[in-house]
Amino acid sequence: MKGCYCLIINMKKDSKIKIGRKLGKIEFRQGYYVYVGSAMNSLIARIERHLSDDKKMHWHVDYLLKNAEISDVIYNQSKRKIECDLSRHISTQAEGIKDFGCSDCECESHLYYFKTKKEAVECVESAYDSINMKYEYY
């Protein structure tokens, strides 16, 4: 199964976290973050990997998830890669963390901050609706 996904991530307290080798330490505020990703092979396995505590540090989001927890996953099944479309829409409504999760595209970020879970979820649903893509909750 192929598709894209948005992780709704709960940061319970302000934290300074080292993200990979290149990004260095980043200050994260308490609140919710939306991480936009894709898996053009094995979508469900990718989502389950993100939900797992037992994994090697590979992607930027892996470092963040060591200090935060996923509260929701919203995803779509499609052969069309809409990750950057979703990210662009979310970027119009939220503050992005520069260069996070987007080293393989032209986006400024694939991680966005929201004060509340409700704001994060509504923004993701709106992003999917804006490109006429059906979505599901994992």
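Residues numbered from 1 in each chain as written. Predicted model: local features only at pLDDT ≥ 70, side-chain atom pairs only at ≥ 80, totals over all residues. Heavy atoms only, no water.

Caption draft 1: Spatial organisation of the side chain of Glu83. With respect to the element layout, Glu83 can be found in helix α3 (residues 83-91). Those residues in contact with Glu83 that lie beyond four places of it in its chain are Cys4, Val36, Gly37, Ser38 and His110. (Helix = DSSP H or I, 4+ residues; strand = E, 2+ residues; numbered from the N terminus. Contact = heavy atoms within 4.5 Å.)

Caption draft 2: Spotlight on a positive patch on the surface. Where like charges cluster on the molecular surface, the positive patch consists of Lys16, Lys18, Arg21, Lys22 and Lys25. Note that Arg21 resides in the loop between β2 (15-19) and β3 (24-28). Of the residues examined, Arg21 reaches a relative accessible area of 83% and is grouped as exposed. (Patch = residues over 30% accessible without salt bridge, like charges linked within 9 Å, V, L, I, M, F, W, Y side chains within 5 Å. Areas by Shrake-Rupley, 256 points an atom, 1.4 Å probe, with all protein chains shown as cover. Salt bridge = Lys/Arg side-chain N within 4 Å of Asp/Glu carboxyl O. Lys, Arg positive; Asp, Glu negative; His and termini not counted. Charge placed at Lys NZ, Arg CZ, Asp CG, Glu CD. Buried < 20%, exposed > 50% of the residue type's maximum accessible area, 1.4 Å probe, protein only.)

Caption draft 3: Focus on the pattern of salt bridges. Applying the stated rule across the entire model yields 9 salt bridges. Linking Glu69 and Lys12 is a salt bridge whose minimum nitrogen-to-oxygen distance equals 3.6 Å. One end of the pair, Glu69, is in strand β5 (residues 69-77); the other, Lys12, is in the loop between β1 (3-11) and β2, and 57 residues separate them in sequence. Residue classification places Glu69 among the partly exposed residues on the basis of a relative accessible area of 40%. Note that Arg80 is salt-bridged to Asp85, the shortest N-O span being 3.7 Å. For Arg80, a relative accessible area of 43% puts it in the partly exposed group. Within this structure, Arg80, Asp85 and Arg88 form a network of salt bridges that share partners.

Caption draft 4: Main features of helix α4 (residues 117-130). When the terminal C-alpha atoms of α4 are compared, their 20 Å separation across 14 residues agrees well with the 20 Å that a helix rising 1.5 Å per residue should span. The set of residues buried in α4 consists of Ala120, Val121, Cys123, Val124, Ala127 and Tyr128. Taken end-on, α4 shows its buried residues confined to a sector of 160°, consistent with a single buried face. Structurally, α4 contributes buried residues whose contacts are with β1, β4 (31-39), β5, α3, β7 (111-114) and β8 (136-137). A positive phi of about 55° marks Asn132, the residue just after α4. (Expected span 1.5 Å × (residues − 1). Arc of directions from axis to C-beta.)

Caption draft 5: Spotlight on the nonpolar core. Tyr5, Leu7, Ile9, Phe28 and Phe100 are the most contacted members of the largest nonpolar core, which has 24 residues in total. Elements with a contribution of two residues or more to this core: β1, β2, β3, β4, α1 (43-51), α2 (60-65), β5 and β7. It is β1 that contributes the most residues to this core, 4 residues altogether. The contact partners of Phe100, leaving out residues within four places of it in the chain, are Ile19, Leu23, Phe28, Tyr35, His60, Val61, Leu64, Glu108, Ser109, His110 and Leu111. Counting residues in hydrophobic clusters, the runner-up holds 21 residues, among them Ile8, Val34, Ile74 and Val124. (Core = buried A, V, L, I, M, F, W, Y, C linked by side-chain atoms within 4.5 Å.)

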